[in-house]
Amino acid sequence: DAGVIQSPRHEVTEMGQEVTLRCKPISGHNSLFWYRQTMMRGLELLIYFNNNVPIDDSGMPEDRFSAKMPNASFSTLKIQPSEPRDSAVYFCASSFPGTGLDEQYFGPGTRLTVT
Amino acid sequence: GEDVEQSLFLSVREGDSSVINCTYTDSSSTYLYWYKQEPGAGLQLLTYIFSNMDMKQDQRLTVLLNKKDKHLSLRIADTQTGDSAIYFCAESPSGGSYIPTFGRGTSLIVHP
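Residues numbered from 1 in each chain as written. Chains lettered and ligands numbered in written order. Predicted model: local features only at pLDDT ≥ 70, side-chain atom pairs only at ≥ 80, totals over all residues. Heavy atoms only, no water.

### Some points on the overall build of chain B
What chain B contains, in helices and strands, is zero helices and 11 strands. Moving toward the C terminus, one meets the helices and strands of chain B in the order β-β-β-β-β-β-β-β-β-β-β. The principal-axis extent of the C-alpha atoms belonging to chain B is close to 45 × 30 × 20 Å. In chain B, which comprises 112 residues, the proportion classed as buried is 46%. (Helix = DSSP H or I, 4+ residues; strand = E, 2+ residues; numbered from the N terminus. Buried < 20%, exposed > 50% of the residue type's maximum accessible area, 1.4 Å probe, protein only.)

This is the structure:
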């Protein structure tokens, strides 16, 4: 398996623009997570899905952020409009919980810069 | 709620042992994890320990768990420059949730 795939790897955009981050989880994993990593706040869980259904989005910072998972192999995180304080590395992770260990598999991340 | 604390930085000399410490609050955690994040990459599970164990050894890695003090440590023997990374402590919370709680991460810097 290729692991969790994220695109783009780097995104530079201007304030006010819409940004869409994409994620393909590992085949067979039924849980998907979006995280944001910054120096100030560390790793923050934004939202997670189980069987394509959003379970907890309490970590989504504002209404400007939205996430979808239309099927088991694809998810998006959208920021509209983007602001400079959204600059961070965004990670997608997937897992197959219920086996006890619940290891999370992370993608390489998308580094977002909003100018 | 759950909380995982760890120091932010650790600097060691190549060849020495590194010890990264972590404290957590959920006394009913089932698994405790150490993830490693190399520069420009995502987190990757390095090792883990089940809560009924005190110690786990895996080659150069030794994990110690003190449940009474809710303290977890990761010891890396003969630290190499390739071990330079951010190390995250995480716990699986109680109540059947499978969402691990991560610490802020400890940046390990290995210098010659």
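### Regarding the interface of chain B and chain A
Taken together, the contact between chain B and chain A spans 16 residues of the former and 23 residues of the latter. Buried surface at the junction of chain B and chain A, summed over both partners, amounts to about 1,600 Å²; 59% is from carbon and sulfur atoms. In this structure, the connection of chain B to chain A is made through zero salt bridges. At the junction of chain B and chain A, the tally comes to five residue pairs in polar contact (both at pLDDT 80 or more). Residue assignment for the side of chain B that touches chain A shows that the elements contributing at least two residues are strand S4 (31–37) and strand S5 (43–50) of chain B. Residue contributions to the side of chain B that touches chain A peak at four residues, all from S4 of chain B. (Contact = heavy atoms within 4.5 Å. Buried area = accessible area lost by both parts, 1.4 Å probe. Salt bridge = Lys/Arg side-chain N within 4 Å of Asp/Glu carboxyl O. Polar contact = N/O pair within 3.5 Å; in protein donor to acceptor, adjacent residues only side chain to side chain.)

### Considering the pattern of salt bridges
All names here are of chain A. Going through the model one piece at a time under the given rule, you end up with 11 salt bridges over all chains. Put simply, Glu44 and Arg41 hold a salt bridge, and the shortest N to O gap is 4.0 Å. Taking the shortest distance from any N to any O, the salt bridge between Arg85 and Glu62 comes out at 2.8 Å. With Arg85 in the loop between strand S8 (74–79) and strand S9 (88–95) and Glu62 in the loop between strand S6 (53–56) and strand S7 (65–71), this residue pair connects regions lying 23 residues apart in the sequence. Classification of Glu62 by relative accessible area gives partly exposed; the value is 26%. Salt bridges sharing partners connect three or more residues here, namely Glu62, Arg64, Glu83, Arg85 and Asp86.

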